Each structure stands twice: as C-alpha cells, then as structure tokens.
Amino acid sequence: MTDNISWSASVGRWMGIPIRVHLLLLLFIALVFAIQDNYSISYLALTALVTSICLVGCILLHELAHVFALTNLGGLVNNIVLAPWGGNSDFSLPEDSKSRALVQIAGPFFSGCLFALGAALILRTDNSAASDTLVELTNSFRPIKFDTRQWEVSFLKITTWINFQLMIVNLIPCFPFDGGDLIRTIVNRISGQA
C-alpha cells in the first residue's frame, strides 16, 4: 500500500476517510485531453474538462460503493486512493470470503447500475436507433463529445460512458482490478484458505 501513497497526493478527508489522488489518474486525465483531437478545437477543452470532472466523480462513487459494502460488513477503510480504473484503496476486509466477495464486487456492480440507469434514460430521450446509441455508450475508443446545445444529454452520455468503462475494466480478472481480487477470494475459498 505504501506504493499507492508515495505516488499519490492528499485531497483531504471526506466522511473521516483520507482521500488521495494517484499520479496515474492525473496522467489519465491528460490523456483524455490528448485524445479529444478528433473534434473541432472549440469542443476540445470543454469536452476534456467535462469528461475529467465526470471521471473523478464516477471513480469516487465507485469507491464509495466499496466503502458502503465494507462498513456494513464489518471492515474498515484506512484510505481511498483514486486511480484511473477506480481505486487502489486500503481496506481491512472482513474475514469471511462471502463478505470479501461482496465488498470486491460492490464497485463494479454500482458502476454497472449507473450505466444501466444512464443508458435507459438516454434511450428514452435519444432520437437515433437504440443499437447506435448503445454502441456509442460502450465504445471504449470513442469518448463522447460534450455538446453545449444539449448539455444535459451530453453530460449524461459522458457519465454513462465512463461508468461502463469502469465496470468493464474492474471486472478484468487480474491485479489491481476488482475482478482480480474477486478471483483470488474465490480461489482461496475453493482451496480452503479462507
């Protein structure tokens, strides 16, 4: 855990929990600005800024889902480190494997719920075909453009797109993602180590 703290900066305490921002999140936000070059220059800065703000907010919500599950299942939160894929937070997990698994899946589950809610709202308001809208919301390589004329829909699309990315990335079954921790918990349970 010391590696996370040494590569992160404190942004204060929220709800009594120390919150830190990892250097990789700041670099990822710089990347968001860099890949927005497929839009006209007038949309570049605004789109990147809105996407960055949404990203930090969605990551914080993802981590707070872990915190909610953790505190309700008897674990402790030492600190939260916000990173591009969610977080590398320092938790004292519950001892039983079922509770550990619930804490580990809470973040991706919540991100998935926010994606589903956002997609449902967008599909109700979007005039284009549903399949085109879903492709737009799930295409990892095509960030959503922020349109000031329809800022509410654009903001919702960006937030929905980010939550889909957080859900998918965190289900990857390797460290440092939640899927890797979940697989480790399942393997330990099967082998009788938990």
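Residues numbered from 1 in each chain as written. Predicted model: local features only at pLDDT ≥ 70, side-chain atom pairs only at ≥ 80, totals over all residues. Heavy atoms only, no water.

Engineer: What is the right way to read the packing of helix 4 (residues 97-125) against helix 6 (residues 151-170) from this model?
Structural biologist: Relative placement of two packed helices is described by the angle separating their axes and the distance separating the axes. Orientation of helix 4 relative to helix 6, taken along the N-to-C sense of each, is 145 degrees, at an axis distance of 8 Å. Note that helix 4 runs across helix 6; the crossing there is left-handed. Seen from helix 4, the contacting residues are Pro108, Ser111, Gly112, Leu114, Phe115, Gly118, Ala119, Leu121, Ile122 and Thr125; seen from helix 6, they are Val153, Leu156, Lys157, Thr160, Asn163, Phe164, Leu166, Met167 and Asn170. Classifying every residue of the contact of helix 4 with helix 6 by side-chain character gives eleven nonpolar, seven polar and one charged. (Axes fitted to C-alpha atoms, helices over the stretch in contact; angles between N-to-C directions. Helix = DSSP H or I, 4+ residues; strand = E, 2+ residues; numbered from the N terminus. Left-handed = near helix turned anticlockwise from the far one by under 90°. Contact = heavy atoms within 4.5 Å. Nonpolar A, V, L, I, M, F, W, Y, C, P; charged D, E, K, R; others polar.)

Engineer: For this particular structure, what's the right way to read helix 4?
Structural biologist: In an α-helix there are 3.6 residues to a turn, and that puts residues three or four apart on one side. For helix 4, built from 29 residues, the straight-helix expectation of 42 Å at 1.5 Å per residue is met to within 8% by its first-to-last C-alpha distance of 42 Å. The sharpest bend along helix 4 comes to roughly 40 degrees, located at Ala106, with the proline Pro108 sitting one to four residues further on. (Expected span 1.5 Å × (residues − 1). Bend = angle between axes of the 7 residues up to and from the residue.)

Engineer: Teacher, can you tell me more about the pairing of strand 1 (residues 8-14) here?
Structural biologist: The side chains of a regular strand alternate between both faces of the sheet. In the sheet, strand 1 pairs with strand 2 (residues 17-22) via five bridges, with the strands oriented antiparallel. For Ser8, the partnering residue across the bridge sits in strand 2 and is His22. Counted along the chain from strand 1 to the antiparallel partner strand 2, the turn is two residues long, and its residue Met15 has a positive phi close to 55 degrees. (Pairing = 2+ DSSP bridges.)

Everything listed here is a matter of coordinates, which is why it stays silent on function.
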